[in-house]
Amino acid sequence: MKSMKPIETLSYLDPEGNLPKGYKHEISDETLIRMYQVMQFTKRLDERMITLQRQGQVNFAMSSRGEEGCIVASAAALEQCDWIYPQYREQASIFWRGMSAQDYLHHMFLNEKDDSKGRQMANHFGRRELNVMTVSSTLATQIPHAAGCAYAMKISGKKEVALCYFGEGAASEGDFHGALNFGAVRKVPAIFFCRNNKWAISTPIEAQYSGDGIAPRAPGYGIDFFRVDGNDVFAVYEATKKAREMCLNNEGPILIEAMTYRLGAHSTADDPTKYRPEGELTEWSPKGPIVRLGNYLKKKKLWSEKKDKEFLESAYEEIEEAIKIARDTPKPGIESMFQDIYSDIPWNLREQRDFLNQFREEEGH
Amino acid sequence: MPVMNIIEAINNTLHQAMEENEDIVVFGEDVGYFGGVFRATVGLQEKFGEMRCFDTPICEQGIIGFALGMSNYGMKPVPEIQFADYMFPAYDQIVNEVAKTRYRTGGKWQASMVIRTPYGGGIHGGHYHSQSPEAQYLHTPGIKLVIPSDPYETKGLLHSALQEDDPVIFLEPKRIYRASKAEVPEEKYLIPLGKARIAREGSDLTLIGYGAQHHENMKAAEQASHEGIDVEVLDLRTLNPVDVEAIENSVKKTGRCVVAHEAPLTMGYGAELSAMIMERCFLHLEAPVYRCAGFDTPFSNAHEHDYMPNSPRVLKGIRDTVDY
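As a convention, each chain's residues are numbered from 1 in the sequence order in which they are written. Chains carry letters from A onward and ligands carry numbers from 1 onward, assigned in written order. It should be noted that, the model being predicted, local features are given only for residues of pLDDT at least 70 and side-chain atom pairs only at 80 or more, the latter also being counted only at that level, while totals for whole chains, interfaces and linings use all residues. Derived side-chain values reflect all non-hydrogen atoms in the structure, with water molecules and hydrogen atoms excluded from consideration.

Caption draft 1: Representation of the overall build of chain A in the model. Strands are runs of DSSP state E lasting at least two residues, helices are runs of H or I lasting at least four, and both sets are numbered from the N terminus onward. For chain A, the helix and strand inventory stands at 13 helices and seven strands. A compact globule built from 365 residues would reach a C-alpha radius of gyration of about 21 Å, and chain A, at 21 Å, matches this within 12%. Its C-alpha atoms put chain A at 75 × 50 × 40 Å along the principal axes. Burial classes: relative accessible area under 20% of the type maximum marks a residue as buried, over 50% as exposed, and values in between as partly exposed (1.4 Å probe, protein chains only). For chain A, the residues scored as buried account for 57% of the 365 residues in total. The contact criterion used is simple: two residues touch if any of their non-hydrogen atoms lie within 4.5 Å. Counting contacts in chain A only where the partners sit at least 6 residues apart, residues at least 24 apart contribute 75% of the total. In short, Shrake-Rupley with a 1.4 Å probe defines the accessible areas, and a residue's cover is counted only from the protein chains shown. When the accessible surface of chain A is totalled, it reaches about 15,500 Å², and 50% of it is carbon and sulfur. All radius of gyration figures rest on C-alpha atoms, and the globule criterion is 2.2 Å times the number of residues raised to 0.38.

Given below as structure tokens:
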């Protein structure tokens, strides 16, 4: 048998913000409003980071425009005790968890208050206190980590899950296969969350896979899956919530494929006008997650244009203030370059550190 | 005191460590029910259950990636890679993830684990069961690397490695897994990482090695003594962090040095040792540091005997260095 019937996509919310008649969801108004705010905040911050990069104030930025919905809704369906292993485009998940604009900006400016002590590229966020693992640039390596972390949760008897984000491009890596197979064999409480945004830098899905996306791979591993409309927070939330329950019921791991679209560039080092076919943006923009949830909330009188304006103004102020403070915060001291490589500092690193200190002194640094 | 071989020493250590530390989980290909192709993990599954000692799918990057996630959460994984030659699918995980976890997370997360794997030639294993890949991992900051030379050393070093907060690659000399026997105390003891051992004192020349090669070095030193050359033999035990003090003290005393390893000559660990000795002991040296190593060839099965830096080649190195 060469092909299976294409897998359907679970979707509830239409672009005008309507839900099907009779559809009941479990998300409180408060949660929906907060999701919307975090999405708007992320979009605002993303835009500002891109201009900061253009001005040469930060080295690098990655926008999650168009994908905020699947990220926020999946993060919202988890509990704070669950661990998140991001790929790199999931800033919204760490904002959902409670990272402030200030802490994010300290990271973006790689100053001494950055969690990674200025050692990472910008946009490689993470925070131990929020159970969000620090981003690593290598694609898909984090997927087996999530499987192993989930296994540790399981044998520790904890009611926790690990959720791992990755793109449809990363799913081509061997680590994806290793992670899903290990996870399946050990029955770990992990949610493998694929953002199928149609583009891996400039590589379209047609060059990435020839099957029906990522979801049909799940039965090959003997695990359950969901394919959801990634721009519909109701569908994403429902699938993730269900996946979490299944994981805790020893029915994991679960693969979720969220069908979405990368409205922005891959990163500030990319120019999608060179490869994106005309018309795609026009087609996808009205289907974006912020527009859709916004329409829903406004129809339900839970939100308004006025509130939008006020929220964005206050987000703008918060971000500008955070930029100012982060910009004025000193870079990490030179000693931090030699720390955290090992639990202690071995003789060779001590020698090299002392050499550099002396050299800097002699050169008048 | 019981006599053990290296396999028995590993097995004994893992039993003790798993008893003592509930966070230790042992896994790898054929490691669980069967107890490993070299039988190093025999009895662990039976004693500690399938959750703590299990067989994995055949996927080295999966094994190491899975181990790292467990370590992030605070457990102590002890993954086995069946042969060091098969670590390369996991190279990305080891070099880019395991080694850099502590650094890139600002010290907030750890990657504590002991990766056990048999290395080295002399078993007619051809290209893919004979390699000594230590240099590939020594060029990566963030990893410690240990190679024991006999059963006593194995137990003490493995216990220490299991107590480390940092990731440790533990390369086991498979050629002498069973051939090397020694009295090994039943109770736990530690041999600290980063400390070399003077296995034979001497005054004319320092001979440095580790793992299975150490035994060839001891043989060569014995033979040299019949020619009136008094060789001091250092068993490094830990290659990173290396015991630079022991090396420096010995070479300053003898003024001559031969380093020997099975791995290919060029860019091998001998090159680093040679540079280190040149920088630190230059004015004490009577001759250049001599590197006795495997050749820069893949591991030809038919020519294994000629590839290996056996004691006659080490002896030639000793003679040439003394006669320089």
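Caption draft 2: Here's a closer look at the pairing of strand 11 (residues 231-235) of chain B. Residues and elements named next belong to chain B. With five of five residues buried, strand 11 lies mostly within the body of the structure. For strand 9 (residues 197-200) and strand 11, the ladder comprises three bridges, and the chain directions are antiparallel. By the bridge assignment for strand 11, I198 is matched with L234. We treat two strands as partners when DSSP finds at least two bridges between them. Two strands pair when backbone bridges link them, and strand 10 (residues 205-209) and strand 11 are joined in this way by five bridges, in the parallel orientation. By the bridge assignment, G209 is partnered in strand 11 with D235.

Caption draft 3: Main features of the interface of chain A and chain B. On the side of chain B, 44 residues touch chain A, which itself brings 49 residues to the contact. The three residues of chain A that bury the most area against chain B are F182, Y342 and W347 of chain A, which together make up 19% of that side's buried surface. For salt bridges, the criterion is a side-chain nitrogen of Lys or Arg within 4 Å of an Asp or Glu carboxyl oxygen. Counting across the interface, chain A meets chain B through five salt bridges. Here K144 of chain B and D344 of chain A are joined by a salt bridge, their closest N and O atoms 4.0 Å apart. Nitrogen and oxygen atoms within 3.5 Å of one another constitute a polar contact, given that in protein one can donate a hydrogen and the other can accept it, and given that sequence-neighbouring residues count only through two side-chain atoms. Summed over the shared surface of chain A and chain B, the number is 24 residue pairs in polar contact (both at pLDDT 80 or more). Elements with a minimum of two residues in the side of chain A that touches chain B: strand 1 (83-85), helix 5 (142-155), helix 6 (174-186) and helix 13 (347-362) of chain A. By residue number, the principal contributor to the side of chain A that touches chain B is helix 5 of chain A, which donates ten residues. The quantity reported as buried area is the accessible area (1.4 Å probe) lost by two parts once they are put together, taken as the sum for both.

Caption draft 4: Spatial organisation of the packing of helix 1 (residues 6-20) of chain B against helix 7 (residues 151-163) of chain B. Residues and elements named next belong to chain B. Note on method: axes are straight lines fitted to C-alpha atoms, helices fitted across the in-contact stretch only, with angles between N-to-C directions ranging 0 to 180 degrees. Contact pair helix 1 / helix 7: the axes reach a minimum separation of 8 Å and the direction vectors enclose 30°. Viewed along their axes, helix 1 and helix 7 adopt a mutual orientation that is roughly parallel. In this structure, helix 1 meets helix 7 at a crossing whose hand is right-handed. Residue-level inspection shows I6, A9, I10, N12, T13, L14, Q16, A17 and E20 of helix 1 in contact with helix 7, the latter providing P151, T154, K155, L158, H159, L162 and Q163. Ten residues, namely Ala, Val, Leu, Ile, Met, Phe, Trp, Tyr, Cys and Pro, are considered nonpolar, four, namely Asp, Glu, Lys and Arg, are considered charged, and the remaining ones, Gly among them, are considered polar. Split into classes, the residues belonging to the contact of helix 1 with helix 7 amount to eight nonpolar, six polar and two charged. By the definition adopted for this analysis, an angle is roughly parallel if under 35 degrees, roughly antiparallel if over 145, roughly perpendicular if from 65 to 115, and oblique otherwise. By definition, any crossing whose near helix is turned counterclockwise from its far helix by less than a right angle is left-handed, and any crossing with a clockwise turn is right-handed.

Caption draft 5: How the structure looks around helix 6 of chain A. All names here are of chain A. In this model, helix 6 (13 residues) spans 18 Å end to end at C-alpha, consistent with the 18 Å of a helix rising 1.5 Å per residue. Among the residues of helix 6, D175, F176, G178, A179, L180, F182, G183, A184 and R186 are the ones counted as buried. With its phi angle positive at about 50°, K187 sits one or two positions after the end of helix 6. Take the number of residues in a helix, subtract one, and multiply by 1.5 Å to get its expected span.

Caption draft 6: Region of interest: the packing of helix 8 (residues 213-226) of chain B against helix 12 (residues 311-322) of chain B. Residues and elements named next belong to chain B. Taken N-terminus to C-terminus, the directions of helix 8 and helix 12 make an angle of 55°; their axes are 8 Å apart at the nearest point. Regarding the angle of helix 8 to helix 12, the classification is oblique. Along this stretch, helix 8 crosses helix 12, giving a crossing that reads as right-handed. Each of Q213, E216, N217, K219, A220, A221, Q223 and A224 in helix 8 lies in contact with helix 12, whose residues at this interface are S311, V314, L315 and I318. Residue classes in the contact of helix 8 with helix 12 are distributed as six nonpolar, four polar and two charged.

Caption draft 7: Region of interest: the side chain of Q82 of chain B. Residues and elements named next belong to chain B. If you trace the backbone, Q82 turns up in the loop between strand 4 (76-80) and helix 4 (91-98). From its side chain, Q82 meets the backbone oxygen of E29 in a polar contact 3.2 Å long. A polar contact is formed between the side chain of Q82 and the side chain of D30, at a distance of 2.9 Å.

Caption draft 8: Summary view of the packing of aromatic side chains. Stacked, tilted and edge-to-face pairs are distinguished by plane angle, under 30 degrees for stacked and over 60 for edge-to-face with tilted covering the rest, among Phe, Tyr and Trp rings (Trp via its six-membered ring) whose centres lie within 6.5 Å. Scanning all chains against the criterion turns up 31 aromatic pairs over all chains. When the centroid spacing of 5.5 Å and the interplanar angle of 40° are considered together, the rings of Y151 of chain A and F66 of chain B count as tilted. Residue Y151 of chain A is found in helix 5, and its partner F66 of chain B is found in helix 3 (residues 60-73); the two belong to separate chains. No difference in accessibility class separates Y151 of chain A from F66 of chain B, as the two residues are buried. Ring pairing ties together the aromatic residues Y151 and F182 of chain A together with F27, F54 and F66 of chain B, which thus form one cluster. Cation placement over rings: the criterion is NZ of Lys or CZ of Arg within 6 Å of the ring centroid and within 35° of the ring normal. Over the ring of W96 of chain A we find R34 of chain A, and its NZ or CZ is 4.2 Å from the ring centre. Directly above the ring of W284 of chain A sits K287 of chain A, whose terminal nitrogen or CZ lies 4.3 Å from the centroid.

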